[in-house]
Amino acid sequence: MLIVMSHNAVQSDIDNVIKSVTEMGFTAAPIPGSERTAIGVLGNKGYVDDTNIRDLPGVQQAIHVSKPYKLVSRDFHPENTIVDVAGVKIGEGQRAVVVAGPCAVESEEQILKTARFVKQAGADLLRGGAFKPRTGPHTFQGLREEGLVLLAKAREATGLPIVTEVMSPDNVALVADYADLLQVGARNMQNFDLLRELGKIRKPVLLKRGMSATIEEFLAAAEYILSEGNDQVILCERGIRTFETATRNTLDLAMVPLVKELTHLPIMVDPSHATGKRSLVIPMSKAALVAGAHGVLVEVHPEPEKALSDGPQSLTFPGFDALMADLDRLKSCLASGNA
Ligand code: PEP
Ligand code: MN
């Protein structure tokens, strides 16, 4: 349930509602807004009887929310959340960001070379997997902690904040020691213990949509992180499984404006994993920004043909330059309303 206070409610009215909610055995989560305060009621298993609440002074209305997510929803939190990744602000009204880098950190030379290149081309954040969630166990699984150390070196060399995946709750503290933004991959979107652990840290999280997850399941997964106290969550659409096999996944771009209606959290798009094809990454990056995404995440490799993972979808350095030039032009058109 969401209790919406009237715009002239005073602090003692708010305190009074919080007290009543607490006495009913639930947790009250006040959500201050520029116009009015709302108070989320958490911890209920079913319908909450609002008779003791709705007539209290300053209460405008009680809204019963039947969705499996609350803190994530716009009903609870109408204002857009802006996520701050080591000084890079991501969300509505901010410049769209570009996260770029290899699928996996493979060597010091590879990650430094890529970091320097994407930095000078204008990327905002550096990505690179150290813990890789591979489909089978006989392929490259990532350099693990050594990969994190190399990412930190690349950050030192370029100033780019780093994004990397964490696969297990046991590794959250380790990855959080290095990363500026912790990624949850599609395969772990419903690793609920991992999500809860990420809710307890004070670093932002990039949550990718599971390959067969509905939008409701996706937002419910984000709710696990927020419900533990971490509201710095960025959602990422990376394509879903459909009957179509011509592309690696099917990029669900309609979800971008829809998710912006349903939640206050920022939404990014990963056209590399969504399409699996280098030639589609530039057009789908542009489409993502036109659809309203707050940024794109793309794979870039100095020699994609030698990449240990995801070479066919990785942009070359000239390809990344072309992407950045196109996005710059597009951003000016969007800013002037001409797109
Ligand atoms: C990745 O970003 O390298 C990755 C494994 O992505 P996803 O979880 O979307 O497949
Ligand atoms: Mn990849």
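Keep in mind it's a predicted model, so treat the numbers as computed, not measured. (Residues numbered from 1 in each chain as written. Chains lettered and ligands numbered in written order. Predicted model: local features only at pLDDT ≥ 70, side-chain atom pairs only at ≥ 80, totals over all residues. Heavy atoms only, no water.)

**Re the overall build of the chain**
Phase 1: Each helix and strand counted, the chain has 11 helices and 14 strands in total.
Phase 2: Its C-alpha radius of gyration of 21 Å places the chain within 12% of the 20 Å reference for a compact globule of 339 residues.
Phase 3: For the chain, the spread of C-alpha atoms along the three principal axes comes to 65 × 50 × 45 Å.
Phase 4: Of all 339 residues assigned to the chain, the portion counted as buried reaches 55%.
Phase 5: Entry remark: accessible area of the chain is about 14,500 Å², with carbon and sulfur atoms responsible for 51%.
Phase 6: Put simply, the chain has 35 plus and 41 minus side-chain charges, and the middle of one group is 4 Å from the middle of the other. (Helix = DSSP H or I, 4+ residues; strand = E, 2+ residues; numbered from the N terminus. Rg over C-alpha atoms; globule rule 2.2 N^0.38 Å. Buried < 20%, exposed > 50% of the residue type's maximum accessible area, 1.4 Å probe, protein only. Areas by Shrake-Rupley, 256 points an atom, 1.4 Å probe, with all protein chains shown as cover. Lys, Arg positive; Asp, Glu negative; His and termini not counted. Charge placed at Lys NZ, Arg CZ, Asp CG, Glu CD.)

**Considerations on the side chain of Asp124**
Phase 1: Relative to the assigned elements, Asp124 resides in the loop between helix H3 (108–121) and strand E8 (125–127).
Phase 2: By relative accessible area, Asp124 is classed as buried at 12%.
Phase 3: A polar side-chain atom of Asp124 sits 2.8 Å from a polar atom in the side chain of Arg95. (Polar contact = N/O pair within 3.5 Å; in protein donor to acceptor, adjacent residues only side chain to side chain.)

**Things to note about the coordination of the manganese ion (ligand 2)**
Phase 1: Every protein donor of the manganese ion (ligand 2) is accounted for by Cys103 (SG), His273 (NE2), Glu299 (OE) and Asp310 (OD), and the metal-donor separations fall at 2.0 to 2.4 Å.
Phase 2: Here the donor residues of the manganese ion (ligand 2) are spaced in sequence according to C-x169-H-x25-E-x10-D. Of this pair, Cys103 sits in the loop between strand E7 (97–101) and H3 while His273 is found in helix H9 (residues 271–275), placing the two residues 170 residues apart along the sequence. Taken as a pair, Cys103 and His273 share a single burial class, namely buried. (Donors = N, O, S within 2.8 Å, 3.2 Å for Na, K, Ca; no water.)

**Observations regarding the site of ligand 1**
Phase 1: The immediate surroundings of ligand 1 are formed by 13 residues, with Arg127, Ala186, Arg187, Lys208 and Arg238 found nearest.
Phase 2: Take Ala186: an N or O atom from its main chain is 2.7 Å from an oxygen atom of ligand 1.
Phase 3: Here Arg238 contributes a side-chain N or O atom positioned 2.7 Å from an oxygen atom of ligand 1.
Phase 4: Isolated, ligand 1 exposes 300 Å² of accessible area, and the fraction of that covered by the protein chains is 97%. (Near = heavy atom within 4 Å.)

**Structural notes on the environment of Leu125**
Phase 1: Relative to the elements of secondary structure, Leu125 occurs in strand E8.
Phase 2: Residue classification places Leu125 among the buried residues on the basis of a relative accessible area of 0%.
Phase 3: As for Leu125 and Leu297, which are separated by 172 residues in sequence, their C-alpha atoms are 9.1 Å apart.
Phase 4: Not counting chain neighbours up to four residues away, the residues in contact with Leu125 comprise Val85, Val88, Ile90, Val98, Val99, Ala100, Leu160, Pro161, Val163 and Leu181. (Contact = heavy atoms within 4.5 Å.)

**Focus: the domain arrangement of the chain**
Note on interface size: it is often stated as the accessible area lost on association of the parts.
Phase 1: Looking at the chain, the domain boundaries give domain 1 (2–63) and domain 2 (83–336).
Phase 2: Each of domain 1 and domain 2 was reduced to a C-alpha centroid, and the two centroids are 37 Å apart. (Domains from an automatic or database assignment.)

**Observations concerning the packing of H3 against helix H4 (residues 145–158)**
Phase 1: Close contact between H3 and H4 brings their axes to 9 Å; oriented N to C, the two are set at 35°. The two elements H3 and H4 cross, and the hand of that crossing is right-handed. Across the interface between the two elements, Glu108, Ile111, Leu112, Ala115, Arg116 and Lys119 of H3 pack against Leu150, Leu151, Lys153, Ala154, Ala157 and Thr158 of H4. (Axes fitted to C-alpha atoms, helices over the stretch in contact; angles between N-to-C directions. Left-handed = near helix turned anticlockwise from the far one by under 90°.)

**Some details on the nonpolar core**
Phase 1: Counting residues in each nonpolar core, the largest one holds 81 residues, and the members touching the most others are Leu126, Leu198, Leu207, Leu235, Val298 and Phe320.
Phase 2: The element contributing the most residues to this core is helix H7 (residues 215–227), with 7 residues.
Phase 3: If you count residues domain by domain, this core takes at least three from each of domain 1 (2–63) and domain 2 (83–336).
Phase 4: If sequence neighbours within four positions are ignored, Leu198 has contacts with Val166, Val172, Leu182, Val184, Val205, Ile225 and Asn230. (Core = buried A, V, L, I, M, F, W, Y, C linked by side-chain atoms within 4.5 Å.)

**Topic: H3**
Helical periodicity: at 3.6 residues per turn, an α-helix aligns residues three or four positions apart in one direction.
Phase 1: Taking 1.5 Å as the rise per residue, H3 with 14 residues should run 20 Å; its terminal C-alpha atoms sit 20 Å apart, in good agreement.
Phase 2: As for H3, its buried residues are in contact with E7, E8, H4 and helix H11 (317–336).
Phase 3: One or two residues past the end of H3 sits Gly122, with phi positive at roughly 110°. (Expected span 1.5 Å × (residues − 1).)

**Section: unusual backbone geometry**
Phase 1: Phi is positive for Ala86, which is not a glycine, with a value near 45°.
Phase 2: Of note, Ala86 is situated in the loop between strand E5 (83–85) and strand E6 (88–90).
Phase 3: The residue Asp310 is not glycine, and still its phi comes out positive at about 55°.
Phase 4: Judged by relative accessible area, which is 17%, Asp310 ranks as buried.

**Thoughts on the side chain of Lys132**
Phase 1: Assignment of secondary structure puts Lys132 in the loop between E8 and H4.
Phase 2: Sequence-distant contacts of Lys132, that is, excluding residues within four places in its chain, are made with Cys103, Ala104, Arg127, Phe140, Gln141, Gly142, Met167 and Ser309.

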